[in-house]
2 protein chains.
Amino acid sequence: MSWEETLDYYGGLIDEEVKKFLAEAKNAAKAYHPFIEKVYSNIEEFVLRKGKKLASCSTLLTYEGYAGEIGNRILKACVSIELYRHCILVHDDLVDEDTQRRGGKTFHRLIAENYDARLGYGTGVFVGDLMYALTLQAMLNSGFSQEKLNRVMLLFSEGYRNVNESQMLDLLFEYKEPDVDEWYVMASKRAASLFETTLLVGGILGNAPERDLQILREAGMHMGYSFDIQDDIIDTFASLEQYGKPPGEDMSLGKKPLHIIYAFELADRGGLDTLTNFMSKERINSDDLELVKAVVRESGALEVAKEKSKEHAEKAKALIAKTSLGDKTKKFFDSMINYIQESLDWYK
Amino acid sequence: MSWEETLDYYGGLIDEEVKKFLAEAKNAAKAYHPFIEKVYSNIEEFVLRKGKKLASCSTLLTYEGYAGEIGNRILKACVSIELYRHCILVHDDLVDEDTQRRGGKTFHRLIAENYDARLGYGTGVFVGDLMYALTLQAMLNSGFSQEKLNRVMLLFSEGYRNVNESQMLDLLFEYKEPDVDEWYVMASKRAASLFETTLLVGGILGNAPERDLQILREAGMHMGYSFDIQDDIIDTFASLEQYGKPPGEDMSLGKKPLHIIYAFELADRGGLDTLTNFMSKERINSDDLELVKAVVRESGALEVAKEKSKEHAEKAKALIAKTSLGDKTKKFFDSMINYIQESLDWYK
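Since this is a predicted model, take the numbers as computed values, not measurements.

Engineer: Whenever I open this one, the overall build of chain A confuses me. Can you help?
Structural biologist: From N to C terminus, chain A includes 17 helices and two strands. For chain A, the C-alpha atoms occupy an extent of roughly 60 × 55 × 30 Å along the three principal directions. Relative to its 348 residues, chain A shows a buried fraction of 61%. Look at the contacts in chain A between residues 6 or more apart in sequence, and 74% of them connect residues 24 or more apart. Summed over its atoms, the accessible surface of chain A is roughly 13,400 Å², and 48% of this surface lies on carbon and sulfur atoms.

Engineer: Sorry if this is basic, but what is going on with helix 16 (residues 301-322) of chain A here?
Structural biologist: Side chains of residues three or four places apart in an α-helix project in the same direction, reflecting 3.6 residues per turn. Residues and elements named next belong to chain A. The first and last C-alpha atoms of helix 16 sit 32 Å apart over 22 residues, in line with the 32 Å expected at 1.5 Å per residue. Every buried residue belonging to helix 16 is among Ala301, Leu302, Ala305, Lys306, Ser309, Lys310, His312, Ala313, Ala316, Lys317, Leu319 and Ile320, and all of these are buried. Of the surrounding elements, those touching the buried residues of helix 16 are helix 8 (180-188), helix 10 (210-237), helix 13 (258-266), helix 15 (286-298) and helix 17 (327-343).

Engineer: I keep staring at the relation of the copies chain B and chain A and nothing clicks. Help me out?
Structural biologist: Related by rotation about an axis and a shift along that axis, the two copies of the chain form a pair. Turning chain B through 180° and shifting it by 0.1 Å along the axis lays it on chain A, with an RMSD of 0.1 Å. Both chain copies can therefore be described as sitting about a two-fold axis.

Engineer: Where do I start with the environment of Ala238 of chain B in this structure?
Structural biologist: Residue and element names in this part refer to chain B. Assignment of secondary structure puts Ala238 in the loop between helix 10 (210-237) and helix 11 (240-243). On the basis of relative accessible area, Ala238 is assigned to the buried category, the value being 2%. Separated by 109 residues in the primary sequence, Ala238 and Tyr347 have C-alpha atoms spaced 6.0 Å apart. The contacts of Ala238, once residues within four sequence positions are left out, are Ile233, Tyr243, Pro247 and Tyr347.

Engineer: How should the interface of chain B and chain A be read in this particular structure?
Structural biologist: Quoted interface sizes are often the accessible area lost when the parts come together. Between chain B and chain A, the contact holds 56 residues from the first and 56 residues from the second. In this assembly, chain B packs against chain A so that about 5,400 Å² is buried in total across both faces, 66% of it on carbon and sulfur atoms. At the junction of chain B with chain A, the criterion picks out four salt bridges. Between Arg118 of chain B and Asp96 of chain A there is a salt bridge, and its shortest N-O distance comes to 3.4 Å. The interface formed by chain B and chain A includes 26 residue pairs in polar contact (both at pLDDT 80 or more). Of all the secondary-structure elements, those providing two or more residues to the side of chain B that touches chain A are helix 2 (34-47), helix 4 (72-95), helix 6 (117-140), helix 7 (146-172) and helix 8 (180-188) of chain B. It is helix 7 of chain B that contributes the most residues to the side of chain B that touches chain A, 17 residues altogether.

Engineer: I would appreciate a short explanation of helix 9 (residues 191-205) of chain A in the present structure.
Structural biologist: All names here are of chain A. For helix 9, with 15 residues, the first-to-last C-alpha span of 21 Å sits near the 21 Å given by 1.5 Å per residue. Along helix 9, 15 of the 15 residues are buried, which leaves the element largely enclosed by surrounding structure. Looking one or two residues past helix 9, Asn207 carries a phi angle of roughly 65°, positive in sign.

Engineer: What is the right way to look at the nonpolar core in this model?
Structural biologist: Soluble globular proteins: nonpolar side chains tend toward being buried together. Of all hydrophobic cores here, the largest spans 244 residues; its most connected members are Ile43 of chain A together with Ile43 of chain B. If we skip the residues at most four places from it in the chain, Ile43 of chain B touches Leu22, Phe107, Val127, Leu130, Met131 and Leu134 of chain B.

Engineer: Explain the packing of aromatic side chains to me, please; I cannot follow it from the model alone.
Structural biologist: For any pair of aromatic rings, geometry is given as the distance between the ring centres together with the angle between the planes. Scanning the entire structure with this criterion turns up 34 aromatic pairs over all chains. Ring geometry for Tyr175 of chain A and Tyr115 of chain B: centres 6.1 Å apart, planes at 75°, overall edge-to-face. With Tyr175 of chain A in the loop between helix 7 (146-172) and helix 8 and Tyr115 of chain B in the loop between helix 5 (107-114) and helix 6, this pair bridges two chains. According to the relative accessible area criterion, Tyr175 of chain A is partly exposed, its value standing at 31%. Since its relative accessible area comes to 40%, Tyr115 of chain B is described here as partly exposed. Their ring planes at 85° and their centres at 5.1 Å tell us that Trp183 of chain B and Tyr184 of chain B sit as a pair that is edge-to-face. Members of the aromatic cluster, connected to one another through ring pairs, are Tyr84, Tyr132, Phe156 and Tyr160 of chain A together with Tyr84, Tyr132, Phe156 and Tyr160 of chain B. Its guanidinium or amino end placed over the ring of Tyr32 of chain B, Lys189 of chain A lies 4.0 Å from that ring's centre, counting from NZ or CZ.

Engineer: Looking at this structure, how should I read the side chain of Gln137 of chain A?
Structural biologist: By secondary structure assignment, the location of Gln137 of chain A is in helix 6 (residues 117-140). When near neighbours in sequence (up to four residues on either side) are disregarded, Gln137 of chain A contacts Ser157, Glu158 and Arg161 of chain B.

Engineer: Quick question: what am I supposed to make of the pattern of salt bridges here?
Structural biologist: The tally for this structure, following the rule as stated, stands at 62 salt bridges over all chains. Across the pair Lys255 of chain A and Glu174 of chain A runs a salt bridge whose closest N-O atoms are separated by 3.0 Å. Here the residue Lys255 of chain A occupies a position in the loop between helix 12 (249-252) and helix 13, and Glu174 of chain A occupies one in the loop between helix 7 and helix 8, the gap between them amounting to 81 residues. Classification of Lys255 of chain A by relative accessible area gives buried; the value is 7%. Taking relative accessible area as the criterion, Glu174 of chain A reaches 17% and is therefore assigned buried. Look at the salt bridges and you will find they share partners, linking Asp96, Asp170, Glu174, Arg190, Asp228, Asp232 and Lys255 of chain A together with Arg118 of chain B into a network.

Engineer: Looking at this structure, how should I read the packing of helix 1 (residues 3-30) of chain B against helix 4 of chain B?
Structural biologist: Relative orientation and spacing of two packed helices are given, respectively, by the angle between their axes and the distance between those axes. Residue and element names in this part refer to chain B. Across the interface, helix 1 lies against helix 4 with an axial gap of 9 Å and an inter-helix angle of 80°. As summarised for this structure, helix 1 and helix 4 are arranged roughly perpendicular, according to the angle between their axes. Here Leu13, Ile14, Glu17, Val18 and Phe21 of helix 1 come into contact with helix 4, specifically with Asn72, Leu75, Lys76, Cys78, Val79, Glu82 and Leu83. Classifying every residue of the contact of helix 1 with helix 4 gives eight nonpolar, one polar and three charged.

Engineer: Quick question: what am I supposed to make of unusual backbone geometry here?
Structural biologist: With the exception of glycine, the majority of residues adopt a negative phi angle, and the majority of peptide bonds are in the trans configuration. One non-glycine residue, Glu97 of chain A, lies in positive phi territory at about 55°. Mapping Glu97 of chain A onto the fold places it in the loop between helix 4 (72-95) and strand 1 (100-101).

Engineer: In this structure, what is going on with the side chain of Ser58 of chain B? I would like to understand it.
Structural biologist: Note on placement: Ser58 of chain B falls in helix 3 (residues 54-67). Residue classification places Ser58 of chain B among the buried positions, given a relative accessible area of 0%.

Engineer: Explanation requested: the environment of Phe173 of chain B in the structure shown.
Structural biologist: Tracing the backbone shows Phe173 of chain B in the loop between helix 7 and helix 8. For the pair formed by Phe173 of chain B and Lys256 of chain B, sequence separation is 83 residues and the distance between their alpha carbons is 6.6 Å.

Engineer: Looking at this structure, I do not really get the state of the cysteines. What am I missing?
Structural biologist: Working definition: the covalent bond between the sulfur atoms of two cysteines is a disulfide. Inspection of every chain in the model, using the stated rule, returns zero disulfides over all chains. Not engaged in a disulfide, the cysteine Cys57 of chain B finds its nearest cysteine sulfur in Cys78 of chain B; these two sulfurs lie 7.3 Å apart. On the basis of relative accessibility, which here comes to 0%, the residue Cys57 of chain B falls in the buried class. You can see Cys87 of chain B has no disulfide; the closest cysteine sulfur is in Cys87 of chain A, sitting 13 Å from it.

Engineer: Explain the confidence of the model for chain A to me, please; I cannot follow it from the model alone.
Structural biologist: Interpreting fine coordinate detail is not advised for predicted regions of low pLDDT. Overall, the prediction assigns chain A a mean pLDDT of 95, with 100% of residues at 70 or greater. Scoring the predicted complex yields pTM 0.97 and, for the interface, ipTM 0.97.

Engineer: So what exactly am I meant to see when it comes to the packing of helix 14 (residues 269-279) of chain A against helix 15 of chain A here?
Structural biologist: Residues and elements named next belong to chain A. Where helix 14 contacts helix 15, the axes come no closer than 9 Å and their chain directions differ by 140°. As far as their axial angle goes, helix 15 and helix 14 are oblique. Every pair of crossing elements has a handedness; the one defined by helix 14 and helix 15 is left-handed. Residues Gly271, Thr274, Leu275 and Phe278 of helix 14 form the contact with helix 15, whose participating residues are Asp288, Leu289, Leu291, Val292 and Val295.

Parameters and conventions
Residues numbered from 1 in each chain as written. Chains lettered and ligands numbered in written order. Predicted model: local features only at pLDDT ≥ 70, side-chain atom pairs only at ≥ 80, totals over all residues. Heavy atoms only, no water. Helix = DSSP H or I, 4+ residues; strand = E, 2+ residues; numbered from the N terminus. Buried < 20%, exposed > 50% of the residue type's maximum accessible area, 1.4 Å probe, protein only. Contact = heavy atoms within 4.5 Å. Areas by Shrake-Rupley, 256 points an atom, 1.4 Å probe, with all protein chains shown as cover. Expected span 1.5 Å × (residues − 1). Least-squares fit on C-alpha atoms with pLDDT ≥ 70 in both. Buried area = accessible area lost by both parts, 1.4 Å probe. Salt bridge = Lys/Arg side-chain N within 4 Å of Asp/Glu carboxyl O. Polar contact = N/O pair within 3.5 Å; in protein donor to acceptor, adjacent residues only side chain to side chain. Core = buried A, V, L, I, M, F, W, Y, C linked by side-chain atoms within 4.5 Å. Phe/Tyr/Trp six-rings, centres within 6.5 Å; stacked < 30°, edge-to-face > 60°. Lys NZ or Arg CZ within 6 Å of the ring centre and 35° of its normal. Axes fitted to C-alpha atoms, helices over the stretch in contact; angles between N-to-C directions. Parallel < 35°, antiparallel > 145°, perpendicular 65-115°, else oblique. Nonpolar A, V, L, I, M, F, W, Y, C, P; charged D, E, K, R; others polar. Disulfide = S-S within 2.5 Å. pLDDT = per-residue confidence, 0-100. Left-handed = near helix turned anticlockwise from the far one by under 90°.

Shown next as C-alpha cells:
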C-alpha cells in the first residue's frame, strides 16, 4: 500500500469506531433531550467529513510499529485522537469566525443557521468543551491499563494547554508584529504539539521503549513545524483550484505566517510598504494578494520559509529512522514527509 | 468551628496551594512569552477572588471525613477542583456576556479592556479551555495512586460533558418554554453534577467504601438541586443590597429559573400576560421585575420552588447521615445545607 492508501484504509477503520462511539452518545441523549441528540448528530457529521486523518493514523501506525498489530483498543484510542483534533477546530473556527470547514459549515454556523448567531456562538463554545470531554472519555474507556491511560491523560492535558496557549498567541499576533522567535514559540504549541501528542500516544500505548518516546517527541515536533509552514504557504500561494477555497483568508484576518515574518525582515523599502499596507486592510482582493506574493517571492522569504519546512522534514525523517519502529511504520512516515517536502515545490 | 469558619480556614489552605500551582505556570510562561505570563496572572487573580469555596471545601471535608486527616496531596487535588469550577465560569460568563464576577471583571472583559472585544472574546474561549487542562494537570500531579487518579479522570470527563450539555440546554431555554421535567434534565447536569463530582472526588481519594460512593453521588445531586433553585430565587428576589449586583439579570437574558416555570404553570390569565410580556423584553427595569415577582409570589410558584429546594435539602441531609463519614464532616454538611434552607426565607 502507498501511504495514501494506508491513510484511506486505516482512516476507514477509525471512522467505523467513531460512528459506534457517537451512536452510543446519541442514543443516551435521545432518552433525555432532542436538542442534545441533534448536537451529537452534528458532531458525528462534523468529525466524519471527508479528509486525511493524519493525526489519528499517525497514532495508529506508531502503535502498530511497536505492538506489531492493531486491535480494538487502539482503534478506540484513535477515536479519542480524532475527537481531540476536532474539538480544537471547533473553537478555532469560532474565534476566527470561519464559515466553512472541510466542505461543510463550521460547527457554530450549523447551529446558527437553525436558530440565530447567539445560540450558534454559545453552542460552539460548549460543544468544543463537550468534545474535549468526549476525547477523554473515549480514551479512558479504550481498555488500556490505568498506568498507560494516566500517562496519556498527562499528554492530553499538556497538549491541550499548549494548543490553547498557542491559539492565544496566534490571536495576539493580529495586534503586533511577531519576530521569527516568537513565531516559533507559538508554532511549537500548535501543529508541533499535536504531532508530539499523536506520536507519543501511539508509542506509550504500543509499549515503545522509553528511549524512543523522547525521539518521537522530537520527531513529532519537527513534523509539526514542517506541516505548519507548508500549510501557511498553501494558504497564500495555492490557486483557488488547488485549494478549494479562496487563498489568503488567514492573512486577511491579520494572521502572520512565517513567510510573511521573513518578508518583513528581508523586503526592501517598497516591499515593506506593500506588506504594511496589505496588513492594515480589512478586506483583501486578489490583486492585493498578488502584490504581496510578489514581495514574499522576490525578497527571498518564500524560499527561506520553504527551506525551513524542508529542514524540519529532514530532521523528522532522521529521527524516525533512529527509532525501533517497524519498517512499515517507518516507510509510512517517510513517504508522508516526502510528500510534504515535494508539495512545497507546487507553490510559487 | 462553625461551618463558615471551616470554609474560611480550609479555603485559605486551598488558596495557598492555588498560588503555588499558578506561580509555577507563570514562571514557566515568563521564559517564553509575556502575554501568556500575563494571562496566568489574570487567572490567579480571578481564581483567588474572595468568595466561599463550597466546591473545593466539600471535596476537602469529604476526604477528611474518610481519611481522618488532610495533607498535601488532597490540597493539591482541591486546586484542581477550584480550577474546574472556574473554567466553567469563564465560558459561562463569556456566552452570557456578563461583565462582573465576584467583585471583579469577568475574564473576557479583563482582556477586552486592554485590547479590544475580539481579543477578549477569543482569549476567553481559549482560557476556559486552558483552565480545564490545568484542572487535569493539577489532579494528575497530586500524588495519588494511578487507580484513584484514573477514577477521578473518569469523573472529570463525565462531569465536564454534563456541565456543557447543561449549558447548551440553558441557552436553548432562552428560545423555548421548558417544562419542569426539562428544567430538571438541565439542572441535573449543572450544580447537581458539580456537587456530585466534588463529593465523589473527596470520597474516592479518601478511600470511601464503595457503598458510600453511591450515596455521595445522590447526596451531591440533591445538594446541587437545592442550591440551584435557591440561587435562582436569589437572582430574582434579592435586593440590590443583599445581592451586590442588580437582581433579575439572568431573566433579562431569557433564562428560565424553576420558579418562573412554575409561575407559567400556576398563574392566572393576567399573570401569564405579565410573564409573557416580561420574557419578551430586551431590557427590564425594576418596575418590570416587581410585577413579575408579584406574579411568582401570588401564583404560589415561589412557595412551590422553595418547597422543592427544601425537599432536596432534606434528602441530601438524610443521605449524608447514612454514610460512614466522620462527625465533623457530617456536621459541616448539615450546617451548610441548613443555612441554604433557612436563607430561602429571606427572599419574599
